[in-house]
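Chains, contacts and geometry: an overview
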Amino acid sequence: ALAASALGAELHLLAWSGRGLTRNYDPSQPETLPTLLQRTIPTDPTNPWDEGRWIPTDVTVNVGTNDVAHAPLDDAAYARALRAVLRRVLARAPAARVRVLVGPMIYDDGPTPGANSLQRVRAATDGVAAGLREEGYDVARVEVYGATPDEGYGCEAHPSRATQRRIAETAVRALNEGLRSPAGGSSR
């Protein structure tokens, strides 16, 4: 919301706490974000989202935290799910500037020491973004570092207001760095 306000953009937010691309924080919740994104109301599978009603020009995606919360990342499954979600967005908005945030709650030693979660999410995201850039889309990974002691923490170590402001500023800078060709397509 802060980034949209800074850009003077209309906001359409798709979010659900604890949901991931390939697995959720609570494994008893089977529906992951790719399923929920298909719905107008995430709890109502009979009410599909009409993707033609709203075409984004700028997209930020912040996923991965729940995918690594309790088990090491399944790198290939994560990359497939991320690619599928981004392709879905780009199918209806091919000129959109897309930034995939590697969020502030992913650490190398989570969920266990030596899991290399942050490195693995970065690598999967970079691979997907590079493949989409080769196809001419304006897609990039953006690093959003964790909270600092002076920023403090929100509930259950989620980002504080200060960290949220920094994340928004980072997203705005990253979106504004995107390059577009005069024809409305993306170029790199």
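The model shown is predicted, which means the values in this text are computed figures rather than measured ones.

Quick notes on empty space enclosed by the protein
Scanning the entire structure with this criterion turns up one cavity of 30 Å³ or more. A volume near 40 Å³ is recorded for the largest cavity. Forming the boundary of the largest cavity are Pro104, Met105, Tyr107, Gly146, Ala147, Tyr153, Ala157, His158 and Pro159. By residue class, the composition of the lining of the largest cavity is seven nonpolar, two polar and no charged.

So, the layout of surface pockets
Roughly 160 Å³ of volume is contained in the second largest pocket. As for the second largest pocket, its lining consists of His12, Leu13, Leu14, Ala15, Trp16, Leu33, Leu36, Leu37, Arg39, Thr40, Pro42 and Trp49. Within the lining of the second largest pocket, the residues separate by chemical class into nine nonpolar, two polar and one charged.

Side note on the packing of helix H3 (residues 75-92) against helix H4 (residues 117-134)
Relative to each other, H3 and H4 sit at 40°, their axes nearing to 9 Å. With respect to H4, the axis of H3 lies oblique. Considering how the two elements wind past one another, H3 and H4 form a crossing that is right-handed. On H4, the residues touching Asp75, Tyr78, Ala79, Leu82, Arg83, Leu86, Arg87 and Leu90 of H3 are Arg120, Val121, Ala124, Thr125, Val128 and Leu132. For the contact of H3 with H4, the residue count by class is nine nonpolar, one polar and four charged.

Comments concerning the side chain of Glu143
When you line up the elements, Glu143 lands in strand S3 (residues 138-143). A polar atom in the side chain of Glu143 sits 3.0 Å from the side chain of Arg122. In terms of polar contacts, Glu143 uses its side chain to reach the side chain of Arg141, at 2.6 Å. Excluding anything up to four places from it in sequence, Glu143 contacts Val102, Leu118, Arg122 and Thr170.

About the cut-offs
Every chain is numbered independently, its residues counted from 1 as its sequence is written. Restriction of local features to residues with pLDDT of at least 70 applies here, the model being predicted, together with a cutoff of 80 or more for giving and counting side-chain atom pairs; totals for whole chains, interfaces and linings are based on all residues. The basis for every side-chain value is the complete set of heavy atoms in the structure, and neither hydrogens nor water enter the calculation. Cavities and pockets are defined on a 1 Å grid built over the protein atoms alone: a cavity is a set of grid points where a 1.4 Å probe fits but cannot escape, while a pocket is an open set with protein on both sides within 12 Å along at least five of seven lines, and lining residues are those with an atom within 4 Å of any such point. Grid points are joined across faces, edges and corners, and a volume is the space filled by probe spheres set on the points. Residue polarity is assigned by list, with Asp, Glu, Lys and Arg as charged and Ala, Val, Leu, Ile, Met, Phe, Trp, Tyr, Cys and Pro as nonpolar; anything else, Gly included, falls into the polar class. All axes are obtained by fitting lines to C-alpha atoms, using only the stretch in contact for helices, and the reported angles, taken between N-to-C directions, cover 0 to 180 degrees. Each helix is a run of DSSP H or I of at least 4 residues and each strand a run of E of at least 2, with the numbering of both proceeding from the N terminus. Any angle that falls under 35 degrees is termed roughly parallel, while one over 145 is termed roughly antiparallel, one within 65 to 115 roughly perpendicular, and all others oblique. Helix crossings fall into two classes, left-handed where the near helix is turned counterclockwise from the far one by less than a right angle and right-handed where it is turned clockwise. Contact definition: two residues touch when any of their heavy atoms are within 4.5 Å. Definition of a polar contact: a pair of N or O atoms within 3.5 Å, with one able to donate and the other able to accept a hydrogen when the atoms are protein atoms, and with sequence-neighbouring residues admitted only if both atoms are side-chain atoms.

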